[in-house]
Amino acid sequence: MKFVRVPAGEFMMGSDETPDVLARSYPQYESKRLADLADEAPVHPVRITQSFFLGQHEVTLGQFRKFIAASGYTPESIADGTGGYGYNAAYDPSTTARGDAFEGRDPKYSWRNPGFAQDDSHPVLNVTWNDAVAMSQWLSQHEGKTYRLPTEAEWEYACRAGTSTRYYSGNDPRSLLQIANTFDGDAAKNWPAWQPYALEGHDGYAFTAPVGSFRPNSFGLYDMLGNAWEWTADWHDENYYAKSPLVDPQGPADGSVRVRRGGSWHTWSLYARCSYRNWNSAQTRYTLVGMRLLRELSDTDL
């Protein structure tokens, strides 16, 4: 894996845009969706005191495959026998109680099979938070360096890369077409009912894209938005920002769900903003969720 050194620094974390302001840029969204973003506030200063190395790309299918072969680790979607989620053109979300966009859990779906073709250059999917931690721990033991998931603050700081706009490409949702693989005209072909939420335009990919296919941010990091959701280390607490410490916040001491960030190839533009927060249990595996690893500086890096 290639890593990029992210410098220490300070930024304003979160978003204080009101539903009325957001409605002007996202008129197709119901008011409840715009109101359900309160956990992004208040905007607050965060100081990252130590530089760190962050994966230049999301962990790829090929890299995860090598980890499995070398470590003998069994991912949760296989270990518990329940599988993951996947795309099935014949599956109808309206026939299920949750109305989920994807079929699952099913043993036929796992990190090996999200229901569509991928090669080793695409981001690995259907990995749980526990799978991501297991990979980081094995790498730490194998290489004698400390690998881990980024904190939520480290992730947003690295994603913004000095910007304060909705996306590191600006405020216009259409700017995502240049930097991210999200839900646009290509993906919407498979979900015609959600066409109103699709970006007007085409990024060239109906499903995942090879990592690094779009323009990086100013830190040299690719796909911080889109392609695959990325697990962070933090528990989720919708009120945490009001009490978050200024210096190197580590997130709540406990909780029931872990934060994931950045959106995916199937994510609507509202939910692909740098400040947007989502969460799942540590055992969740999904055809949109992958990971990106952080490596702490060692004595030889100083």
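Nothing here was measured: the structure is a model prediction, and the numbers come from that model. (Residues numbered from 1 in each chain as written. Predicted model: local features only at pLDDT ≥ 70, side-chain atom pairs only at ≥ 80, totals over all residues. Heavy atoms only, no water.)

Some words on the layout of surface pockets
Item 1. The calculated volume of the largest pocket comes to roughly 870 Å³.
Item 2. Around the largest pocket sit 29 residues that line it, and Arg33, Arg260, Tyr271, Tyr276 and Asn278 are the ones nearest its centre.
Item 3. For the lining of the largest pocket, the elements supplying multiple residues, two or more each, are α2 (31–35) and β10 (278–280).
Item 4. The leading source of residues in the lining of the largest pocket is β10, at three residues. (1 Å grid on protein atoms, 1.4 Å probe; cavity = no way out; pocket = protein on both sides within 12 Å on 5 of 7 lines; lining within 4 Å. Points joined across faces, edges and corners; volume = space filled by probe spheres on them. Helix = DSSP H or I, 4+ residues; strand = E, 2+ residues; numbered from the N terminus.)

Side note on the sheet that holds strand β11 (residues 289–290)
Item 1. With respect to topology, four strands assemble into an open sheet ordered β10-β9-β8-β11, the strand pairing being mixed. Each end of this open sheet is capped by a strand with a single partner; those strands are β10 and β11.
Item 2. Note: strand β9 (residues 258–261) against β10, three bridges, orientation antiparallel. When the sheet's bridge partners are listed, valine 259 is paired in β10 with tryptophan 279. (Pairing = 2+ DSSP bridges.)

Observations concerning the pairing of β9
Item 1. Neither face of β9 is exposed, since Arg258 and Arg260 on one face and Val259 and Arg261 on the opposite face are all buried.
Item 2. Note that strand β8 (residues 229–235) and β9 share three bridges and pair antiparallel. Within β9, the position partnered with glutamate 230 by the bridge is arginine 261. (Buried < 20%, exposed > 50% of the residue type's maximum accessible area, 1.4 Å probe, protein only.)

Section: the packing of helix α3 (residues 61–71) against helix α5 (residues 129–143)
Item 1. One can describe the packing of α3 onto α5 by two numbers: an axis separation of 11 Å at closest approach and a directional angle of 65°. Here the hand of the crossing between α3 and α5 comes out left-handed. Across the interface between the two elements, Gln63, Phe64, Phe67, Ala70 and Ser71 of α3 pack against Ala134, Met135 and Trp138 of α5.
Item 2. Partitioned by chemical class, the residues of the contact of α3 with α5 number six nonpolar, two polar and no charged. (Axes fitted to C-alpha atoms, helices over the stretch in contact; angles between N-to-C directions. Left-handed = near helix turned anticlockwise from the far one by under 90°. Contact = heavy atoms within 4.5 Å. Nonpolar A, V, L, I, M, F, W, Y, C, P; charged D, E, K, R; others polar.)

Notes on empty space enclosed by the protein
Item 1. As enumerated under the stated definition, the model contains one cavity of 30 Å³ or more in all.
Item 2. Reported here for the largest cavity is a volume of approximately 40 Å³.
Item 3. Forming the walls of the largest cavity are Met13, Glu152, Ala153, Asp234, Tyr240, Tyr241, Ser244, Pro249 and Gly251.
Item 4. In terms of residue class, the lining of the largest cavity is made up of five nonpolar, two polar and two charged.

Points about the sheet that holds strand β1 (residues 3–6)
Item 1. Read from one edge of the open sheet, four strands run β1-β4-β12-β7, paired in antiparallel fashion. Looking at strand neighbours, the two that pair on one side only are β1 and β7 (147–148), the edges of this open sheet.
Item 2. Contacts from helix α6 (residues 152–160) reach β1, β4 (52–55), β7 and β12 (294–296), with the element oriented near 75° to β4.

A short note on the pattern of salt bridges
Item 1. Using the criterion set out here, one finds 20 salt bridges in the structure.
Item 2. Between arginine 285 and aspartate 80 there is a salt bridge, with its nearest N and O atoms 2.8 Å apart. A residue pair is termed long-range when its members are at least 10 positions apart, and arginine 285 in the loop between β10 and β11 and aspartate 80 in the loop between α4 (76–79) and β5 (84–86) qualify at 205 residues.
Item 3. The residue lysine 243 makes a salt bridge to aspartate 237 at a minimum N-O spacing of 3.4 Å.
Item 4. We classify lysine 243 as exposed; its relative accessible area is 56%.
Item 5. Each of Asp39, Glu152, Glu156, Arg160, Arg261 and Arg277 takes part in salt bridges that share partners, so that together they form one network. (Salt bridge = Lys/Arg side-chain N within 4 Å of Asp/Glu carboxyl O.)

Details of unusual backbone geometry
Item 1. Between alanine 41 and the following residue, proline 42, the backbone shows a cis peptide bond with an omega angle of 0°.
Item 2. Of note, the amide linkage connecting glycine 104 to arginine 105 takes the cis form, showing an omega dihedral of -10°.
Item 3. Phi at asparagine 227 takes a positive value of approximately 75°, unusual for a residue other than glycine.
Item 4. Among the structural elements, asparagine 227 can be located in the loop between α8 (185–188) and β8.
Item 5. The class for asparagine 227 is buried, based on a relative accessible area of 0%.

Considering α5
Three- or four-residue spacings in an α-helix give side chains the same orientation, since the helix completes a turn every 3.6 residues.
Item 1. With 15 residues, α5 should reach 21 Å at 1.5 Å per residue; the first-to-last C-alpha distance of 21 Å fits that figure.
Item 2. Of all the positions in α5, only Trp129, Asp131, Ala132, Val133, Ala134, Met135, Ser136, Leu139 and Ser140 are classed as buried.
Item 3. Contact partners of the buried residues in α5: α3, α4, β7, β8 and β9.
Item 4. Capping the start of α5, threonine 128 holds a side-chain oxygen 3.3 Å from the backbone nitrogen of asparagine 130, two or three residues further along.
Item 5. Taken from the residues just after α5, glycine 144 is the one with a positive phi, measuring 75°. (Expected span 1.5 Å × (residues − 1). Polar contact = N/O pair within 3.5 Å; in protein donor to acceptor, adjacent residues only side chain to side chain.)

Quick look at the environment of lysine 243
Item 1. With respect to the helices and strands, the residue lysine 243 is situated in the loop between β8 and β9.
Item 2. Taking the C-alpha atoms as reference points, lysine 243 and proline 42, 201 residues apart in sequence, are found 9.6 Å from one another.
Item 3. Separated by 3.4 Å, the side chains of lysine 243 and aspartate 237 make a polar contact.

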